[in-house]
Amino acid sequence: PIFWLRHAIANPPDDPRKCTLWPFAKTSSGYGTVHLAGRQFRAHVAALLIADGLGAPPPGMVAAHAPASICGHRDCVRPAHLRWASQAANQRDRIMDGTACRGEAHTAAKLTADQVQYIRAAMGVSAAVLARRFGVSASAISKIRRGETWSHLI
């Protein structure tokens, strides 16, 4: 796979809008993986490391995909569709593109959007009572009410 990745980087599609998609095994989250210099990386991270001649990501940075209007494929390894960005910037991009796992789409979600709206509207009901009703902790109820979680529904 590393040979293929180096070849794909050196010979991208003619159209700059076209992605170079990772054709090998992928993780359960849909990202390709590859071993580079004795370490396992997600394929898009390895592609950016190779293209930039780096041995590791710059401190505090992650390999971020271009916005969905340009690329939008998590298995794209075309360096022109990737960049180094802070985790916060990458998360903002994911929210704007609609690819962030938020709310009910998150694998750990225990509540639905309707339940969260009900919790916010039930101001006369204690957090402990709501927590028992919905099978979550009282602190989870308090965080919902303060807008610390499920903030996209505010």
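Coordinates for the structure precede this section.
Let me begin by describing the structure that accompanies this report. The model shown is predicted, which means the values in this text are computed figures rather than measured ones.

## Focus: the overall build of the protein
- When helices and strands are tallied, the protein shows six helices and four strands.
- Counting helices and strands in the order they occur from the N terminus, the protein gives α-β-β-α-β-β-α-α-α-α.
- The C-alpha radius of gyration computed for the protein amounts to 20 Å, which surpasses the reference 15 Å derived for 154 residues by more than 25%, pointing to a less compact arrangement than a globule.
- Along the three orthogonal principal directions, the C-alpha set of the protein runs to about 65 × 35 × 25 Å.
- Relative to its 154 residues, the protein shows a buried fraction of 33%.
- Expressed as a percentage of contacts within the protein between residues at least 6 apart in sequence, the contacts between residues at least 24 apart total 49%.
- Surface summary for the protein: the accessible area is close to 9100 Å², and the carbon and sulfur share equals 56%.
- In the protein, 19 positive and 9 negative side-chain charges are present, and the distance between their average locations comes to 9 Å.

## A look at the layout of surface pockets
- Reported here for the largest pocket is a volume of approximately 510 Å³.
- Contributions of two or more residues to the lining of the largest pocket are made by helix H2 (43–52), strand S3 (62–65) and helix H3 (87–97).
- In terms of residue count, the dominant contributor to the lining of the largest pocket is H3 (five residues).
- Its residues assigned to classes, the lining of the largest pocket shows eight nonpolar, eight polar and five charged.
- Within this model, the second largest pocket holds a volume of roughly 420 Å³.

## Brief notes about the pairing of strand S2 (residues 39–42)
- Here strand S1 (residues 33–36) pairs with S2 via four bridges, running antiparallel. Opposite Leu-36, over in S2, you have Arg-39 as the bridge partner.
- Counting the residues in the hairpin turn of S1 and S2 gives two residues, including Ala-37, whose phi is positive at 55°.

Calculation notes
- Residues numbered from 1 in each chain as written.
- Predicted model: local features only at pLDDT ≥ 70, side-chain atom pairs only at ≥ 80, totals over all residues.
- Heavy atoms only, no water.
- Helix = DSSP H or I, 4+ residues; strand = E, 2+ residues; numbered from the N terminus.
- Rg over C-alpha atoms; globule rule 2.2 N^0.38 Å.
- Buried < 20%, exposed > 50% of the residue type's maximum accessible area, 1.4 Å probe, protein only.
- Contact = heavy atoms within 4.5 Å.
- Areas by Shrake-Rupley, 256 points an atom, 1.4 Å probe, with all protein chains shown as cover.
- Lys, Arg positive; Asp, Glu negative; His and termini not counted.
- Charge placed at Lys NZ, Arg CZ, Asp CG, Glu CD.
- 1 Å grid on protein atoms, 1.4 Å probe; cavity = no way out; pocket = protein on both sides within 12 Å on 5 of 7 lines; lining within 4 Å.
- Points joined across faces, edges and corners; volume = space filled by probe spheres on them.
- Nonpolar A, V, L, I, M, F, W, Y, C, P; charged D, E, K, R; others polar.
- Pairing = 2+ DSSP bridges.

Shape is all these values report; function is a separate question.
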